Amino acid sequence: MSVVEATPTVVPKNVRKTALNAVHRQMGAKMVDFNGWDMPVEYPASIGCGIVSEHMAVRTGVGIFDVSHMGDIRLAGREALAAVQHISMNDASRLAIGQAQYSALLYPQGTFVDDVIVHRLGEDEYLLVINAGTREKDFNWVRDNTRRFNCAVENLSDDFTQIAIQGPKGVDVLQKLTDRDLSAVKFYWVTRGTILLVDKSMRRYLGDTLIARTGYTAEDGFEIYVPSDEATSTWVWNRILEVGKEFGAVPCGLGARNTLRLEGKLPLYGHEISDTINVWEAGLDRFCKMEKPEFIGREALEKAKAEGLKKTLVGLEMIDRGIARDEYKVLDEAGREIGYVTSGSPAPFLKKNIALAYVPPEQAAIGTTVKVEIRGQGVKAQVVPTPFYKRPKKA
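On a predicted model such as this, the values are computed, not experimentally measured, just so you know.

Bringing the nonpolar core into the picture now. Among the nonpolar cores identified, the biggest contains 72 residues, and I64, I163, I165, L174, I224, I240 and V279 are the most heavily contacted of them. With five residues, the single largest contributor to this core is helix 6 (residues 230-244). Three or more residues apiece are contributed to this core by two domains, here domain 1 (21-68 + 160-261) and domain 2 (309-385). Other than its neighbours up to four places away in sequence, L174 contacts I165, L182, I195, I211, F222 and I224. Of all hydrophobic cores here, the second largest spans 22 residues; its members include A83, V113, F149 and I296.

This part is about the pairing of strand 3 (residues 63-66). Neither face of strand 3 is open: one carries G63 and F65, the other I64 and D66, and all of them are buried. Both strand 3 and strand 13 (residues 250-252) contribute to a ladder of three bridges, which runs parallel. The partner of F65 across the bridge, within strand 13, is C252.

This next bit is on the layout of surface pockets. Roughly 960 Å³ of internal volume is contained in the largest pocket. Around the largest pocket, the lining is made up of 37 residues, and of these Y188, G215, G264, L266 and F287 lie nearest the centre. Breaking the lining of the largest pocket down by element, the ones donating at least two residues are strand 6 (112-122), strand 7 (125-130) and strand 12 (221-227). Broken down by element, the lining of the largest pocket gets its largest block of residues, four residues, from strand 6.

This paragraph deals with the domain arrangement of the chain. Split into domains, the chain comes out as domain 1 (21-68 + 160-261) and domain 2 (309-385). For domain 1 versus domain 2, the distance between C-alpha centres works out to 33 Å. Between domain 1 and domain 2, the residue contacts involve seven residues of the former and six residues of the latter. Note on domain 1 versus domain 2: buried area summed over both sides is about 520 Å², and carbon and sulfur give 71% of it. If you sort the residues of domain 1 by the area they bury against domain 2, M56, T259 and R261 come out on top, with a joint share of 57%. Scanning the region where domain 1 abuts domain 2 turns up zero salt bridges. Elements with a contribution of two residues or more to the side of domain 1 that touches domain 2: helix 2 (51-60) and helix 7 (254-263). The element best represented in the side of domain 1 that touches domain 2 is helix 2, accounting for five residues. A per-class count over the side of domain 1 that touches domain 2 returns two nonpolar, three polar and two charged.

The rules behind the values
- Residues numbered from 1 in each chain as written.
- Predicted model: local features only at pLDDT ≥ 70, side-chain atom pairs only at ≥ 80, totals over all residues.
- Heavy atoms only, no water.
- Core = buried A, V, L, I, M, F, W, Y, C linked by side-chain atoms within 4.5 Å.
- Buried < 20%, exposed > 50% of the residue type's maximum accessible area, 1.4 Å probe, protein only.
- Helix = DSSP H or I, 4+ residues; strand = E, 2+ residues; numbered from the N terminus.
- Domains from an automatic or database assignment.
- Contact = heavy atoms within 4.5 Å.
- Pairing = 2+ DSSP bridges.
- 1 Å grid on protein atoms, 1.4 Å probe; cavity = no way out; pocket = protein on both sides within 12 Å on 5 of 7 lines; lining within 4 Å.
- Points joined across faces, edges and corners; volume = space filled by probe spheres on them.
- Buried area = accessible area lost by both parts, 1.4 Å probe.
- Salt bridge = Lys/Arg side-chain N within 4 Å of Asp/Glu carboxyl O.
- Nonpolar A, V, L, I, M, F, W, Y, C, P; charged D, E, K, R; others polar.

Written out as C-alpha cells, the structure is:
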C-alpha cells in the first residue's frame, strides 16, 4: 500500500516519533504508521493543505517537510573513502569536499540493501543519508562491511531533526534564515551556515548548521540538519513556516512526498528497488560506476548484464479511466500477466493517472499498449517516457 492510500490507525506503543510529532498533531495532521514511525501523511484543508494542495505548493512555490525519520551514517578516518567505495556503487572519489551524489548499497548478488545520498563533508569524512524503514539494517550492514578499513562508523540518525524546504521558492525562504549565500550552493552540494531562529535582537542562532541542496521531490530545494531536541526543532519548524508565509509555504506530509517523487521517477525502497531487484532492472545504470576496480555486487552485476534483462522498469500513463496502484498486475493486450505495478497514483501537477511498473523488455518500448488489472478488469495503459515530470530550467 502506498502512503497516499494509508489511513490513520491507533499508534502502537513501540512506534517512533520525530521531535516534531507534537507540532504535527497540533496542526491537525492526519498521522499514519510509516515504517514504524508516526508521521503526517497530509495536513488539513482548513490551513490550505491536503495532498493535492501540498503537491502543487512544492511544484509552484514551496513546501516544508519533516524528514527526521531518515537515517544518517558518518564514516570518518584515513580510509573512509576506501570504505565508501567498497560499499557503494557510485564513485565517491569524484566528490569534492561539500559535494553529494546519489548512490546505493548493494548485496553481493547486485540487488539493493538501500539507496543513499553520499555527502563528502571533509577530507576524510562522509555522511550517508539512508531510508527510514531500513535504518538499523543499513547501519549494521555498513558497519559489518567496513570493519577492515581504518575509519570510524557512527549512527547519527537520532542526532538531527531533518527539515526539507522544497520548491522553486525554497531558496528565497531559507535565504531569509541564514547568513550563507545560497546562490553559491549548486544542486547536490552541501554547506554550513548559521540559521537565525527568531531575530537578531534576541541573538537566537544555530551556528554551523549543515545545509544540503538536495531533496526527494524532483524540485530544487534544501534539507537542513538541526539538533534533534524538541524545543530547537519546534523553533526552527515554526520559524520556517512564519518566514515562508510571503512565499505561500505550506507544511507537507508523506502523501505529497510520494506523488512528487513518483512524477520525478525517484525510486522508493520496497517498490522500485529491493533485495530482489538489481541495478540494471531498476534503470539506475548511470549511478553505477562499473569502471571502479571493486565494490560489493560488482561481479554479480557483470554476470547479470551478460545474461540480459528479464524485466525492466517503465512508466505507464493510464489511457482508460482508472488508477494503477502498487502491486496491481500488468497484462499484455491478450490479457496474460506480464508484470506488476510498483507505484501508482494520480499525478496532481500533470493531471494524469501514472504508474511505474516492471515488465519484460519486449513490452517496454515507448508507445506499447498494456493493461493494468483493476478490480478484475484490464484497464488500458501506455508505456511513456520517464521521468514524467522535469523541473523547468532556470532562465
